[in-house]
Amino acid sequence: MGTANYILQIEALSKSYDKKIFALKDFSYKLESGKICAVVGESGSGKSTLLKLIAGLERSDHGQINMGDQILCNDQIHLSPQKRSVGLVFQDFALFPHLRVKENIAFGLAPGSHSKIEQMLKAVRLEGYEDRFPSELSGGQEQRVAIARSLVREPDLLLLDEPFSNRDTILKSELRHEIKRLIKDLGLSMIFITHDIYDAMDIADEIIFLKEGKIVRQSPIADIFEAVKDKYVQENMEELKRSAETILSMIPK
Ligand code: ADP
Ligand code: MG
């Protein structure tokens, strides 16, 4: 096996908001270049904090984050979000309601980025929607605008916080695959938070399970399919949805 090429390396990262409870504690993780990672964990387990630390929206107490050869943060350094090649898409998309689709995507970009914006609209299949306002879009379309706004800045790593929540199942599945296609086509890497094991199994290459700010399980998705095939194939797949933790516990550490 060759040496793995890591887009992201996190070493012993800790974050406390109140200096008492750690939202993230001694967290270490590496993501291989070009891979998609799903983060699963109950509410308050530190998932959003992890993404904010990677994006630079929060400061860590201890630890180090590297992207390639670049140090994003350590005890001395805190690179501003603008200097990180990271795109973060929030759960609520955070689009500007008074701006059209094309203006939302262009916001903060240098003038003359028109062709880049056109290209991105095409990539997220929103050609013809550039003059609409967010209120004139479906939830899935809004999400794609938010993703386009992130991707047009050409990040190497895309972070999505619960991107598929509050959507009906068919739309979710379609969205998941569109996003995966985009990420793989552009040669990017991605970390996404989800509460749904189906999301993870559908598009991720690996899954990490967070509890109280620590990774309690980490597994390639292929191993989960194996575990499911062995023990669950005759049973109701709903079981999967209810018991992500049970499935993950079947995988050897
Ligand atoms: P998750 O996204 O998994 O629900 P979070 O990262 O949002 O978890 O939160 C982890 C812990 O940090 C929780 O205990 C939460 O209450 C706390 N926390 C998150 N953000 C803040 C904040 N801005 N101020 C104080 N505490 C926070
Ligand atoms: Mg969260």
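Residues numbered from 1 in each chain as written. Chains lettered and ligands numbered in written order. Predicted model: local features only at pLDDT ≥ 70, side-chain atom pairs only at ≥ 80, totals over all residues. Heavy atoms only, no water.

Asks: Describe the sheet that holds strand S7 (residues 157-160), with residues and values.
Replies: Across the sheet, 6 strands lie side by side as S6-S7-S8-S3-S9-S10; this open sheet has mixed pairing. The open sheet has two free edges, formed respectively by strand S6 (86-89) and strand S10 (214-220), since each of these has just one partner strand. Taken over all neighbouring pairs, the strand axes of this sheet differ in orientation by 15 degrees on average, direction set aside. The pairing of S7 with strand S8 (residues 189-193) spans 4 bridges and is parallel. If you follow Leu158 over to S8, its bridge partner there is Met190. (Pairing = 2+ DSSP bridges. Helix = DSSP H or I, 4+ residues; strand = E, 2+ residues; numbered from the N terminus. Axes fitted to C-alpha atoms, helices over the stretch in contact; angles between N-to-C directions.)

Asks: Got a sec to walk through the site of ligand 1? Specific residues and values, please.
Replies: Inspection of the region around ligand 1 gives Tyr17, Ala23, Glu42, Ser43, Gly44, Ser45, Gly46, Lys47, Ser48 and Thr49 as its neighbouring residues. In the model, an oxygen atom of ligand 1 is placed 2.9 Å from a nitrogen or oxygen of the Ser48 main chain. For ligand 1, whose accessible area on its own is 560 Å², the fraction buried by protein is 57%. It is helix H1 (residues 47-55) that contributes the most residues to the shell around ligand 1, 3 residues altogether. Here the shell around ligand 1 is composed, by residue class, of 2 nonpolar, 6 polar and 2 charged. (Near = heavy atom within 4 Å. Polar contact = N/O pair within 3.5 Å; in protein donor to acceptor, adjacent residues only side chain to side chain. Areas by Shrake-Rupley, 256 points an atom, 1.4 Å probe, with all protein chains shown as cover. Nonpolar A, V, L, I, M, F, W, Y, C, P; charged D, E, K, R; others polar.)

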